[in-house]
Amino acid sequence: MGYVTRRLVTFPLVLIGVSILVFVAIRLVPGDSITAMLGTEAGLLTPQQRVALTAYFGLDQNWLVQYWHWLLGLFRGDLGISVAYGKPVLDVIFDRFPLTLELAFLSMIIALAIGLPAGVFAATHNGRPSDLMVRIFAMVGQSTPSFVVGLLIIYMLSVGFGALPTMGEFSPFWKDPLRNLSQLIFPAITLGLAFAASVTRISRSAMLDVLSDDYVRTARSKGASARSVIWRHALPNALIPVVTLSGMEFGYLLGGAVLVEKIYALPGLGRVVLDAILQRDYALLQGSVLFIAFNFMVVNLLVDLAYSALDPRIRLGER
Amino acid sequence: MKRRSTAKLVSCLAIAAALGVAMVGSPASAATLRMAWSQDATGLDPHKQTAFSSIRLLELIYEPLVRLDANLQIVPAVADSWQFSSNGTELTFKLNPNAKFQNGDPVTSADVKASFERILNEATGAVARANFLSIANIEAVDPHTVVFHLSQPDVPLLTAMTNLNAAIISAREIEKGAISTTPVGSGPFKLEKWDPNSREILVANKAWAGGATGVEGINISVLPDETAILAAMRTGQVDFALLNDPLIATLIPREERLVLNRAPVLAYHVLQLNPSRKPMTELAVRQAISCAIDRKEVLDTASLGEGKVTGPITTPSFAADPNSLFCYKRDVEKAKKLMADAGYAKGFSATVIAATGEPPTAAAEAQVIQSQLAEIGVKLDIKVMELNVYVDTWLKGDFDMAVALNGGSADPYSMYSRYWTKTGNLQKVANYIDDTLDGLMQKGRAETDPAARKVIFSDFEKHLAEMSPWIWLYTSYSYTAQQKSVQGFTATPIGSLFGLSKVTVQQ
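Residues numbered from 1 in each chain as written. Chains lettered and ligands numbered in written order. Predicted model: local features only at pLDDT ≥ 70, side-chain atom pairs only at ≥ 80, totals over all residues. Heavy atoms only, no water.

Help me understand the overall build of chain A, please; the structure alone is not making it clear to me.
The secondary structure content of chain A amounts to 13 helices and 0 strands. Each helix (α) and strand (β) of chain A, taken in turn from the N terminus, gives the series α-α-α-α-α-α-α-α-α-α-α-α-α. When the backbone C-alpha atoms are referred to their principal axes, chain A occupies close to 85 × 60 × 35 Å. Across the 319 residues in chain A, those meeting the buried criterion constitute 49%. (Helix = DSSP H or I, 4+ residues; strand = E, 2+ residues; numbered from the N terminus. Buried < 20%, exposed > 50% of the residue type's maximum accessible area, 1.4 Å probe, protein only.)

Help me out: how do you make sense of the packing of aromatic side chains in this one?
In this description, an aromatic ring pair is defined by two values, namely the gap between the centres and the angle between the planes. Residues and elements named next belong to chain B. A full pass over the atoms with the stated rule returns 28 aromatic pairs over all chains. Aromatic side chains Phe116 and Phe148 sit 5.0 Å apart centroid to centroid with 80° between the ring planes, which places their arrangement in the edge-to-face category. With Phe116 in helix α3 (residues 109–120) and Phe148 in strand β7 (residues 145–150), the pair connects residues that are 32 residues apart, well separated along the chain. Take Phe116 and Phe148: they sit in the same class, and that class is buried. Considering the side-chain rings of Tyr268 and Tyr416, the 5.8 Å spacing of their centres and the 50° angle between planes classify their relative orientation as tilted. Remark: Tyr416 occurs in helix α13 (residues 412–416) and Tyr268 occurs in strand β12 (residues 258–273); sequence separation between them is 148 residues. Looking at Tyr268, the relative accessible area reads 0%, which means it is buried. (Phe/Tyr/Trp six-rings, centres within 6.5 Å; stacked < 30°, edge-to-face > 60°.)

Would you explain the pairing of strand β4 (residues 79–84) of chain B in this entry?
The side chains of a regular strand alternate between both faces of the sheet. All names here are of chain B. Sheet topology places β4 next to strand β5 (residues 90–95); 5 bridges connect them, and they run antiparallel. In the strand pairing of β5, Ser81 is matched with Lys94. The antiparallel pairing of β4 with β5 creates a hairpin that spans 5 residues between the two strands, and Gly88 there sits at a positive phi of about 75°. (Pairing = 2+ DSSP bridges.)

Sorry, what's going on with the nonpolar core here?
Buried together is how nonpolar side chains tend to be arranged in soluble globular proteins. Judged by nonpolar contacts, the single largest core of 180 residues is most densely connected at Met401(B) and Trp420(B). With 14 residues, the single largest contributor to this core is helix α5 (residues 89–124) of chain A. Discounting chain neighbours no more than four positions away, the residues touching Trp420(B) are Ala430(B), Tyr432(B), Ile433(B), Leu437(B), Asp438(B), Met441(B), Phe460(B), Leu464(B), Pro469(B), Trp470(B) and Trp472(B). In this structure, Leu58(B), Ile179(B), Ala204(B) and Val486(B) belong to the second largest nonpolar core, which totals 32 residues. (Core = buried A, V, L, I, M, F, W, Y, C linked by side-chain atoms within 4.5 Å. Contact = heavy atoms within 4.5 Å.)

What am I meant to see in the sheet that holds β5(B) here?
To summarise the sheet geometry, strands pair through backbone hydrogen bonds and adopt either a parallel or an antiparallel arrangement. Residue and element names in this part refer to chain B. Ordered by their spatial adjacency, 4 strands build an open sheet running β4-β5-β7-β6, and the pairing between neighbours is antiparallel. Because the sheet does not close on itself, it has two edges, and the strands there are β4 and β6 (135–142). Each strand of the sheet is rotated relative to its neighbour by a mean of 20°, with strand direction disregarded. Where β6 and β7 come together, 6 bridges link them in antiparallel fashion. Of the residues in β7, the one forming a bridge with Glu139 is Val147. α3 rests against β5, β6 and β7 of the sheet, and its axis sits at about 165° to β6. (Axes fitted to C-alpha atoms, helices over the stretch in contact; angles between N-to-C directions.)

For this particular structure, what's the right way to read the pattern of salt bridges?
Two side chains of opposite charge can pair, provided their charged atoms sit close to one another. As enumerated under the stated definition, the model contains 28 salt bridges over all chains in all. Across the pair Lys296(B) and Asp300(B) runs a salt bridge whose closest N-O atoms are separated by 3.0 Å. You can see Lys296(B) and its partner Asp300(B) sitting in helix α9 (residues 295–303), 4 residues apart, about one turn around the helix. One network of salt bridges, in which partners are shared, links Asp131(A), Arg135(A) and Arg204(A). (Salt bridge = Lys/Arg side-chain N within 4 Å of Asp/Glu carboxyl O.)

Whenever I open this one, the interface of chain B and chain A confuses me. Can you help?
Reports often express the size of an interface as the amount of accessible area lost when the parts come together. Counting residues at the interface gives 55 residues for chain B and 60 residues for chain A. Summed over both partners, the interface of chain B with chain A comes to about 5,100 Å²; 62% of that surface belongs to carbon and sulfur atoms. For the interface between chain B and chain A, the tally reads 2 salt bridges. For Glu41(A), the salt bridge is made with Arg418(B), and the minimal N-O distance between the two is 2.7 Å. Remark: the boundary between chain B and chain A carries 19 residue pairs in polar contact (both at pLDDT 80 or more). Listing elements by their share of the side of chain B that touches chain A, those giving two or more residues are α1 (2–22), β10 (217–222), α6 (226–234) and α12 (387–395) of chain B. Counting residues per element, the side of chain B that touches chain A draws most heavily on α1(B), at 10 residues. Residue composition of the side of chain B that touches chain A, by class: 25 nonpolar, 18 polar and 12 charged. (Buried area = accessible area lost by both parts, 1.4 Å probe. Polar contact = N/O pair within 3.5 Å; in protein donor to acceptor, adjacent residues only side chain to side chain. Nonpolar A, V, L, I, M, F, W, Y, C, P; charged D, E, K, R; others polar.)

Dropping the structure here:
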């Protein structure tokens, strides 16, 4: 069996594990859909009223039955109906996913566009003041929480420039690309900056390792130009840890960036999950977490495949 | 080659960034109000929603029989006039003959009857049911006259009917069974679109019996972070906003183009003691806690002084001067003596629960109280919980002390019968009742003379403060912010946004 096939076979097992975890965890937390809807007023309900509402939310069956129904639905491609949105869970997820995907791509592009050159620059200027500067920036960037960067950007835009991208009403890329980019560029910068800092640090240390390797010395002694040594000989070999890091980060970003989505009022997956927890929208929470887990696994698989593309010496699945 | 493509990428990003700055919110048409709030409505069934933002949205769409104005006086809504019989057991309403539902049907007595029967039906799960149990039957005398026959005199019933949870719904829509997805009210606006946790689009209801609205519609955006709401108001992207956090609200007056509306509200911040748990079972211990707390300091520290120290009753026409109540002036010596009398001279340890962000001041209040009570030897452990977990714990009465923000009502009976009567549904949360409190509540419910009611509730308030099952702290403000171009909004003590029906936006 090929490596990819073997990995694909494990997908359903992992997903079932994830779904059981989420299913049990959210039900163990005190509070239910009724308290989420009525708050403290839920205390005014008579026992009969409570029974009626429990049936309305489908909480009257025992956990096993609930889970079984959910699982059967899953095999038919039906993740249930979201109570908060009043529509199928899959519709809610697919409404929100394009934004999350686009935001993840944009912030990756920003992070790599800044992080890689900065890391290479620092490695080739190792020990010089310019290297120190890059390292300080990377340290600060990595340790500043994204919500602080986000709030600062919003503050600067609104107070300094008196302008803000439209918030609260999101335009998809295919409807109005310019407006869409104007809405996503700052959130992408917010997320990208912190990640750029990690990329800088990782690519710097990987480059330093590679630059001290024999083949680099050989290339130099053969008279290859400094540029060719760095970009053609050294960098591709330094990319493995960067790919690992980027894959992890991209997987996380596909799960939505709760804080940044909140600050910029973006209707992404992160807020769907958060709101589903706060509103005890069980079906939506289970469905969206499953979807996020699935994406994460796909990204991981792609990262593994990228290794062998980058370095032919790595053969996947061989012992 | 690679370097060149990186450079291209960076310049692309720079252009995109510049675009972002240039693309200021596209101007809406002059007559549409662009509104923002941080918490979205959670559902559309007016009889089942209790969340603040759900009520705020639905009161623009549905109407009750009567409503409260800015002075908490009862004024017409669907009903034009109303009359209690002399013995207080019959309440007759004359409906506005022009009132129409948004589907074109007239609002008739049959709809009123169907709405209240829906509320009273336990299968509905309507929370307001508890307020209407005195209704024995409802008689639709003619299409525009409806009589409520009561099993006992119930004066606060009329105030309870001002609540949106008693909204009038079309009998035809109730039969269709789509109340929770398709709102059809008789109010000033129609809901055209709702994207939960993202936005609402409301359009003016041209057939509204209350007259023409000042705007063509309202576009509500959910901006979950109030800092972002402030930023969006600064750049003129939002005309009107609802704010929760006093920290943000107090920044509004610094902006030249913005106006802050502040209205004192009936909801109260309170430290709930649990008198069923030792040592709060002892009156002296509860009183000691009351004497040890500096309410003004809690207000100033946790809420930037944005509010007013309050006794149990928060309705201005019924409320006593807080200084006349038991131990409203901090007295640590007296508190220590009371603790010693109760046998707790060395103090005790207890846990206080608070909800995250609800209200935004909860954790800060708990911290101030913690430091104040430390002075009489009470060691408080603060437990901050996610709202739902808090609600669940609170409803079970499973706490030593709880920092809470509880809703108020214009009528003291409606406000407190759930806690301080022997049959109150939330007795298990209050965990304290005595004959005096219960007796005064029952008297206040039946008494029809306003002056006599005032005396009754004043005695009630005094007794409650002295028994100190809870330590009432302060009432805060409801905040809305608007551009100077927005005019005609009146804020009310119940936080209602119904005033938006008369708002105009000038260009």
